[in-house]
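This is what each chain is made of:
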Amino acid sequence: AQTVTQSQPEMSVQEAETVTLSCTYDTSENNYYLFWYKQPPSRQMILVIRQEAYKQQNATENRFSVNFQKAAKSFSLKISDSQLGDTAMYFCAFNEGGSEKLVFGKGTKLTVNP
Amino acid sequence: EAGVAQSPRYKIIEKRQSVAFWCNPISGHATLYWYQQILGQGPKLLIQFQNNGVVDDSQLPKDRFSAERLKGVDSTLKIQPAKLEDSAVYLCASSLKGLRGELFFGEGSRLTVL
C-alpha cells in the first residue's frame, strides 16, 4: 500500500522568509503524481502544486516550488517570501498512475508570523 | 464557476443516531469523492464515484456508512448508527475524469458525535 509521511507536525516562519516542508512516500509504482494541497482555517482545501514522476524538472508555481528526489522518494515544498495568507495546513498527497485516488499525509501546520 | 457545495456545515448528534450529508459537485465533474478527516490527520478516502457508479469503497465502513450518487450529480453520505469515533469533518470533492489528481474540495461538514 502506498503511504505518505510528513514528519513535521508544525512549523513557523517569519513573514518574507523561506520555509521548506518535508514529505516522503513509499510506492512500488513508476508512474505516479505528487501534490501539495493547502487547507486554510476555513477548511476548503486547494491545490498548490503538482509533480509528475516522469518529469525530472521540479515544478514551480510563483512562490511555491518543489524538490522532487525520485530515488529517495522525497517531495518537499519550498515557500519563498512567505506571506501571512500562507498560514494553513499543508498536505502532501500521492496518486498512482491509472487511478484518481489520492493518499494524503497527516499534514504540516504552517504559521507565518508578522 | 460555482464550487463544490456541501451541507450542513455543522452537525451535532448523539451516538446511535443517524445523520446525512449532501454534496453538489462542480458542474460537469464526473468523479465525486467523500473523504473523512479526523482531527489531526489527513483526509481518508471513503468512497469514489464515477458518474453514478462506485469506483472504490474499500475503506467505507459498510455496516454503518452508505453513500449514493443519483443521476451522476448530487451525492448523499449517510451514517447510521453513528459512533463516537465518527466525529470528523466529511469532505466532498470532485474532479474531471482524466485531470490527474486535481481535486476541488467543498468546505466540509463537521460532525460531532456525543
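Scoring rules and cut-offs
- Residue numbers restart at each chain and count upward from 1, following the sequence in its written direction.
- In the order they appear in the text, chains get letters beginning with A and ligands get numbers beginning with 1.
- Per-residue local features of the predicted model are confined to residues with pLDDT of at least 70, and side-chain atom pairs are confined, for both listing and counting, to 80 or more; whole-chain, interface and lining totals are unaffected and use all residues.
- Where side-chain values are given, they derive from all heavy atoms of the structure, hydrogens and water being excluded.
- Each helix is a run of DSSP H or I of at least 4 residues and each strand a run of E of at least 2, with the numbering of both proceeding from the N terminus.
- Paired rings are identified among Phe, Tyr and Trp, the last through its six-membered ring, by centres lying within 6.5 Å, and are further divided according to the angle between planes into stacked (under 30 degrees), edge-to-face (over 60) and tilted (the rest).
- For each residue, the accessible area found with a 1.4 Å probe, counting protein chains only, is set against the maximum for its type, and the residue is called buried under 20%, exposed over 50%, and partly exposed in between.
- We call two residues in contact whenever any of their non-hydrogen atoms come within 4.5 Å of each other.
- By buried area we mean the combined loss of accessible area, with a 1.4 Å probe, across both parts when two parts are placed together.
- Basic side-chain nitrogens of Lys or Arg form a salt bridge, by our definition, when they fall within 4 Å of a carboxyl oxygen of Asp or Glu.
- The term polar contact refers here to a pair of N or O atoms within 3.5 Å; inside protein, the definition further demands a hydrogen-donor-capable atom paired with an acceptor-capable atom, and it admits residues adjacent in sequence only when both atoms are side-chain atoms.
- Definition of nonpolar core: a set of buried residues of the types Ala, Val, Leu, Ile, Met, Phe, Trp, Tyr and Cys, connected through side-chain atoms within 4.5 Å.
- For the purposes of this analysis, a disulfide is any pair of cysteine sulfur atoms at a distance within 2.5 Å.
- At least two DSSP bridges between two strands are required for those strands to pair.
- Lines are fitted to the C-alpha atoms to define the axes, a helix being fitted only along its stretch in contact, and any angle between axes, read from their N-to-C directions, falls within 0 to 180 degrees.

Chemist: Help me understand unusual backbone geometry in this model?
Modeler: A negative phi angle is the norm for most residues apart from glycine, just as the trans form is the norm for most peptide bonds. Residue and element names in this part refer to chain B. The linkage connecting Ser7 with the following residue, Pro8, adopts the cis geometry, with an omega of -10°. Its place among the elements puts Pro8 in the loop between β1 (5-7) and β2 (10-13). The omega torsion of the bond from Gln80 to Pro81 falls at -5°, within 30 degrees of zero and hence cis. Even without being a glycine, Asn51 presents a positive backbone phi close to 55°. Relative to the helices and strands, Asn51 resides in the loop between β5 (44-50) and β6 (53-56).

Chemist: What should I look at first to understand the packing of aromatic side chains in this one?
Modeler: When we look at a pair of aromatic rings, we describe it by the centre distance and by the angle of the planes. The tally for this structure, following the rule as stated, stands at 15 aromatic pairs over all chains. Ring centres 5.4 Å apart and planes at 65° place the aromatic pair Tyr25 of chain A and Tyr32 of chain A in the edge-to-face group. Considered together, Tyr25 of chain A and Tyr32 of chain A belong to a single accessibility category, that of buried residues. Centroid distance Tyr35 of chain B to Phe105 of chain B: 6.0 Å. Interplanar angle 50°. Geometry classified as tilted.

Chemist: Can you help me understand the interface of chain A and chain B in this one?
Modeler: One widely used convention gives an interface's size as the accessible area the parts lose upon coming together. Across the contact, 22 residues belong to chain A and 31 residues belong to chain B. Across the interface of chain A and chain B, roughly 2000 Å² is buried in total on both sides, 45% from carbon and sulfur atoms. Along the contact surface separating chain A from chain B lie zero salt bridges. For the pair chain A and chain B, the interface holds four residue pairs in polar contact (both at pLDDT 80 or more). Of all the secondary structure elements, the ones that give two or more residues to the side of chain A that touches chain B are β5 (32-39), β6 (46-52) and β10 (88-96) of chain A. Here the side of chain A that touches chain B gets four residues from one element, more than from any other, and that element is β5 of chain A.

Chemist: Before we go on, may I ask you to explain the nonpolar core in this structure?
Modeler: The tendency in soluble globular proteins is for nonpolar side chains to be buried as a group. Among the nonpolar cores identified, the biggest contains 25 residues, and Tyr25, Trp36, Phe75, Leu77 and Tyr90 of chain A are the most heavily contacted of them. When residues of this core are traced back to their parent elements, those giving at least two are β3 (19-21), β5, β6, β8 (64-69), β9 (74-79), β10 and β12 (108-113) of chain A. Take this core: its biggest share by element is four residues, from β10 of chain A. What Tyr90 of chain A contacts, discounting residues up to four positions off in sequence, is Gln6, Leu21, Trp36, Tyr37, Lys38, Val48, Phe64, Leu77, Ile79, Gly107, Thr108 and Leu110 of chain A. Core analysis: the second largest hydrophobic core is formed by 21 residues, Ile13, Phe21, Leu46 and Ile47 of chain B among them.

Chemist: How should I be thinking about the state of the cysteines in this particular structure?
Modeler: Two cysteines whose sulfur atoms are joined by a covalent bond form what is called a disulfide. Counted under the stated rule, the structure contains two disulfides over all chains. Linked covalently through their sulfurs, Cys23 of chain A and Cys92 of chain A form a disulfide whose S-S length is 2.0 Å. The S-S bond linking Cys23 of chain A to Cys92 of chain A shows a torsion near -70°; that makes this disulfide left-handed. With Cys23 of chain A in the loop between β3 and β4 (24-26) and Cys92 of chain A in strand β10, this residue pair connects regions lying 69 residues apart in the sequence. Residue Cys92 of chain A is classed as buried on the basis of its relative accessible area, which comes to 0%. Linked covalently through their sulfurs, Cys23 of chain B and Cys92 of chain B form a disulfide whose S-S length is 1.9 Å. The sign of the S-S torsion, about -70°, decides the handedness of the disulfide formed by Cys23 of chain B and Cys92 of chain B: left-handed.

Chemist: I keep staring at the sheet that holds strand β7 (residues 65-68) of chain B and nothing clicks. Help me out?
Modeler: Pairing between the strands of a sheet comes from backbone hydrogen bonds, and it takes one of two forms, parallel or antiparallel. Residue and element names in this part refer to chain B. Read from one edge to the other, the open sheet built from four strands follows the order β1-β3-β8-β7, with strand pairing classed as antiparallel. The open sheet has two free edges, formed respectively by β1 and β7, since each of these has just one partner strand. Strand-to-strand, the axes of this sheet are offset by a mean angle of 15°, without reference to chain direction. Relative to strand β8 (residues 75-79), β7 runs antiparallel, the two being bridged by four bridges.

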